[in-house]
Amino acid sequence: MLFRIQNHSQKRTPGHVILGLFFVVAMMLSQATYASSHNDEIDGLSTRLADNIAKSGKKSVAVVDFTNLGGEVIELGRFLAEEFSVALAQKANGFDVIDRTYLKAILQEHKLAATGIIDPLTARKLGQIAGVEMLVTGSITPLGDTVRVSVKVLDTATAKVIGAATGDIPKTKAVEELLGRNIATGEGRPSSLSSASPTGSSSPGPSSKEVEDNDFIFQIKGCFRSGSNVTCTGSVTNKAQIRRQLWFNRADILDELGNQYQDGSLQLGAQGGNQSLEPDLRMNFSVMVKTVSVEARMLNIILEYSFSGAQNRYNLKVALRNIPIQQR
């Protein structure tokens, strides 16, 4: 009698296992391709910016945290700022890139805005204190399967844009996770825009439309577009227990795209000029901005104001942020 002995240790691999392995390998190759695309995009954008910086003749540049369109810093914005800082340092030709850790320490020491929207006053102070001649700022916008990155180089002395570039990076799983992470409360938010505020009050967060500063409540009711002009209406209330004189000196306006509009036309009360505010009485004001970009959807208003109390007079700033532009 003959016996056939089968070797069970040698079995054919089932088709579904092979298919699964193929899928895993394909996913790994896909992720590698996305990562390469992400690095290539940053490399290309930083090369263009490095050329702009070199041609400007400026000698020092710093990269601040990138923000979303609302002016808020998220983890992806901080990550991209680090990536651009390293990329620019590798491409530096005749200029130096300030270390971001050192920059953060300087900003915190002097109570300047480390992140979010950088207004001209902050940029100028940073240039004076840290010797930074240029700032690289950026905004990030999710668009379907990609994230649009818009980067600008600003002259700290004039706030003039001397270079800009835009690109798209793939929205990988890692990028989506970073998009969903906000910076922890208390970190990554701008400090006061006021200079030595007598009450020590802090500035609003990035989405504030009502701000209390030095016992005044500033409120924006809305911004309305008419052609290329935008008019924002608001009110101010004196919460102190005494009558105080108040007047607006100027208004700087920035949209979410990074465009700046200086000296918006201001009117306080029906007559304009300085006004006497009784306690708890509200007075209306308006800010009219000309030639606003048709692509702008939000405005950020920085009001420079003065008030006089018993024996003192102060010149201060307050910011109202993330105000939607509506059509009349």
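As the structure is a computational prediction, the values presented were derived from the model and not from experiment.

With that settled, consider the nonpolar core. One finds Phe218, Val236, Leu246, Leu303 and Tyr305 to be the most contacted residues of the largest nonpolar core, which totals 31 residues. Of all the elements in the fold, those that place two or more residues in this core are strand 7 (216-226), strand 8 (229-238), strand 9 (244-255), strand 13 (282-289), strand 14 (298-308) and strand 15 (313-327). The next biggest cluster of nonpolar side chains, apart from the first, holds 28 residues, and it includes Phe66, Phe84, Phe95 and Ile140.

Let's shift gears to the state of the cysteines. For the structure shown, the criterion picks out one disulfide. Put simply, Cys223 and Cys232 are joined by a disulfide, and their sulfur atoms are 2.0 Å apart. Looking along the S-S bond of the Cys223-Cys232 disulfide, the torsion reads about 110°, which is the right-handed sense. Taken individually, Cys223 and Cys232 each receive the classification buried, so the pair is uniform in this respect.

Next up on the list: the pairing of strand 3 (residues 134-143). Remark: a regular strand shows side chains that alternate across the two faces of the sheet. In terms of burial, strand 3 is largely enclosed, as eight of its 10 residues are buried. Of the pairings in the sheet, the one linking strand 1 (residues 60-63) to strand 3 comprises three bridges and is parallel in character. For Ala62, the partnering residue across the bridge sits in strand 3 and is Leu135. Here strand 3 runs beside strand 4 (residues 146-155); their pairing, made up of 10 bridges, is antiparallel. Looking at strand 4, one finds that Pro142 is bridged to Val147. Where strand 3 folds back on strand 4, the antiparallel hairpin that results is connected by two residues, among which Gly144 adopts a positive phi of roughly 65°.

For the rest of this paragraph, the subject is the environment of Arg321. Its location among the elements puts Arg321 in strand 15. Between the C-alpha atom of Arg321 and that of Lys209, which follows or precedes it by 112 residues, the distance is 6.0 Å.

Taken as a whole and assessed by the stated rule, the structure comprises eight aromatic pairs. The positively charged end of Arg244 is found above the aromatic ring belonging to Phe216, 3.9 Å away from the centroid. The ring of Phe307 carries Arg244 above its face, with NZ or CZ at 4.8 Å from the centroid.

This next bit is on the environment of Asp168. Among the secondary structure elements, Asp168 is positioned in strand 5 (residues 161-170). Look at Asp168 and you get partly exposed, because its relative accessible area is 30%. Between the alpha carbons of Asp168 and Thr146 there is a distance of 6.0 Å; along the sequence they are 22 residues apart. With residues near it in sequence (within four places) discarded, Asp168 still touches Glu41, Thr146, Val147 and Arg148. In terms of polar contacts, Asp168 uses its side chain to reach the side chain of Arg148, at 2.6 Å.

For helix 2 (residues 75-91), spanning 17 residues, the distance from its first C-alpha to its last is 25 Å, which sits close to the expected 24 Å at 1.5 Å a residue. Listing the buried residues of helix 2 in full gives Leu76, Gly77, Arg78, Leu80, Ala81, Phe84, Ser85, Ala87 and Leu88.

To continue, consider the side chain of Arg225. With respect to the secondary-structure elements, Arg225 resides in strand 7. Here Arg225 occupies a buried position and makes no salt bridge, while the nearest side chain of opposite charge, Asp255, is found at 7.5 Å. A polar side-chain atom of Arg225 sits 3.2 Å from the main-chain carbonyl oxygen of Ser293. For Arg225, the side chain forms a polar contact with the main-chain oxygen of Ala296, separated by 3.1 Å. When near neighbours in sequence (up to four residues on either side) are disregarded, Arg225 contacts Val230, Val292, Ser293, Val294, Ala296, Ile325, Gln326, Gln327 and Arg328.

What counts, and at which threshold
Residues numbered from 1 in each chain as written. Predicted model: local features only at pLDDT ≥ 70, side-chain atom pairs only at ≥ 80, totals over all residues. Heavy atoms only, no water. Core = buried A, V, L, I, M, F, W, Y, C linked by side-chain atoms within 4.5 Å. Buried < 20%, exposed > 50% of the residue type's maximum accessible area, 1.4 Å probe, protein only. Helix = DSSP H or I, 4+ residues; strand = E, 2+ residues; numbered from the N terminus. Disulfide = S-S within 2.5 Å. Pairing = 2+ DSSP bridges. Phe/Tyr/Trp six-rings, centres within 6.5 Å; stacked < 30°, edge-to-face > 60°. Lys NZ or Arg CZ within 6 Å of the ring centre and 35° of its normal. Contact = heavy atoms within 4.5 Å. Polar contact = N/O pair within 3.5 Å; in protein donor to acceptor, adjacent residues only side chain to side chain. Expected span 1.5 Å × (residues − 1). Lys, Arg positive; Asp, Glu negative; His and termini not counted. Salt bridge = Lys/Arg side-chain N within 4 Å of Asp/Glu carboxyl O.

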